[in-house]
Amino acid sequence: MTITVSLNSLGLLKALDVVMTARSDALHRRETEPRLVSVNVGASTAPTLSARPTGQDRIVDLMV
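Calculation criteria
- Residues numbered from 1 in each chain as written.
- Predicted model: local features only at pLDDT ≥ 70, side-chain atom pairs only at ≥ 80, totals over all residues.
- Heavy atoms only, no water.
- Helix = DSSP H or I, 4+ residues; strand = E, 2+ residues; numbered from the N terminus.
- Expected span 1.5 Å × (residues − 1).
- Buried < 20%, exposed > 50% of the residue type's maximum accessible area, 1.4 Å probe, protein only.
- Arc of directions from axis to C-beta.
- Contact = heavy atoms within 4.5 Å.
- Pairing = 2+ DSSP bridges.
- Axes fitted to C-alpha atoms, helices over the stretch in contact; angles between N-to-C directions.

### What about helix α1 (residues 12-28)?
Thought 1: The end-to-end C-alpha distance of α1 is 24 Å, a good match for the 24 Å that 17 residues give at a rise of 1.5 Å each.
Thought 2: Those residues of α1 that fall on the buried side of the exposure criterion are A15, V18, V19, A22 and A26. The arc that holds the buried residues of α1, viewed along the axis, is 90°, so those residues lie on one side. Exposed and facing more than 90 degrees away from the buried side of α1 are L13, M20, L27 and H28.
Thought 3: On its buried face, α1 sits against β2 (36-43) and β3 (57-63).

### Considering the sheet that holds β2
Thought 1: Spatially, 3 strands are ordered β1-β3-β2 in an open sheet, and the strand pairing comes out mixed. Two strands lie at the open edges of the sheet, namely β1 (2-4) and β2, each paired on one side alone. Adjacent strand axes in the sheet meet at a mean angle of 35°, parallel and antiparallel pairs treated alike.
Thought 2: The pairing of β1 with β3 spans 3 bridges and is parallel. Looking at the pairing, I3 lines up with R58 of β3.
Thought 3: Taken strand by strand, α1 contacts β2 and β3, and its axis lies near 135° from that of β2.

This is the structure:
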C-alpha cells in the first residue's frame, strides 16, 4: 500500500534529488511532452505527527 505525499514534505535536498532524477529519466527516454509521473520516495523511518505507519511506501506525483 502506498500513500501520496507532497514534494514539500520531503525536505529540500530529497525533493531536489527526486525532481532531478525524474527529469533525467525523462531525458534518457527522449520524452519531449510534459507528463505526470509517480516517484517512489521510500518509506518513512520514524513516526510522524500524522501517525502514518512506519515503513509505508510514499510516492510523489511530478510533472516532467
